[in-house]
Amino acid sequence: MNTKSGREAPAPGISKPRMGGVWIDHRKAVVVELTPDGAKTTLIQSKVEKHLERGGDSPMKGRAEPLQVPADDSRQRALTAELNVYYDAVIAALRDFARVLLLGPGEAKGELHARFVKMKLGGRIAAIETEDKMTEPEIVAKVREHFGDSAPRMQASHERSPR
């Protein structure tokens, strides 16, 4: 049986596959699950901290400076490890989804996609779109529009933190 969107409706007694999306940057992720009653959102906060920068005009003078700021490669390894914990928390929230829309302004959505692929879940990614800052209702509307879902617009929000 076809729905208004032209997609096949599930047979009676068979549940519709879970679909949703995520807007992500390096600080937070807003996960949206489309439900029969509307949409459920979950906020996942990153624990990634901004790292000290190496610059030419450092206020730290003298020979102790190299000891005060870690080497670039060790800083990068620490940042990558922190981001991987964050991305794994986001993937855990999306793991049971059959189709996922990835949204975000910068590199985080591509890094999350690479993590999905590494975990052999890349086939679940429906699309990757660049979107600047969005409010939670805008994210829900974008995910709903992408999947052609006409469910009511009631929402429940939840917040989680990785680890």
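Draft legend 1. The arrangement of the pairing of strand β4 (residues 99–104) in detail. Within β4, five of the six residues are buried, leaving the element largely enclosed by the surrounding structure. Two strands pair when backbone bridges link them, and strand β1 (residues 19–24) and β4 are joined in this way by five bridges, in the parallel orientation. Paired with Val 22 across the two strands is Leu 102, which belongs to β4. Inspection of the sheet shows β4 paired to strand β5 (residues 125–130) by five bridges, in the parallel sense. Bridging across to β5, Leu 101 finds its partner in Ala 127.

Draft legend 2. Structural detail: helix α2 (residues 72–94). A rise of 1.5 Å per residue sets the reference length of α2, with its 23 residues, at 33 Å; its end C-alpha atoms lie 32 Å apart and thus fit the reference within 8%. The complete set of buried residues in α2 reads Arg 75, Leu 83, Tyr 86, Tyr 87, Ala 89, Val 90, Ile 91, Ala 93 and Leu 94.

Rules of the game
Residues numbered from 1 in each chain as written. Predicted model: local features only at pLDDT ≥ 70, side-chain atom pairs only at ≥ 80, totals over all residues. Heavy atoms only, no water. Buried < 20%, exposed > 50% of the residue type's maximum accessible area, 1.4 Å probe, protein only. Helix = DSSP H or I, 4+ residues; strand = E, 2+ residues; numbered from the N terminus. Pairing = 2+ DSSP bridges. Expected span 1.5 Å × (residues − 1).

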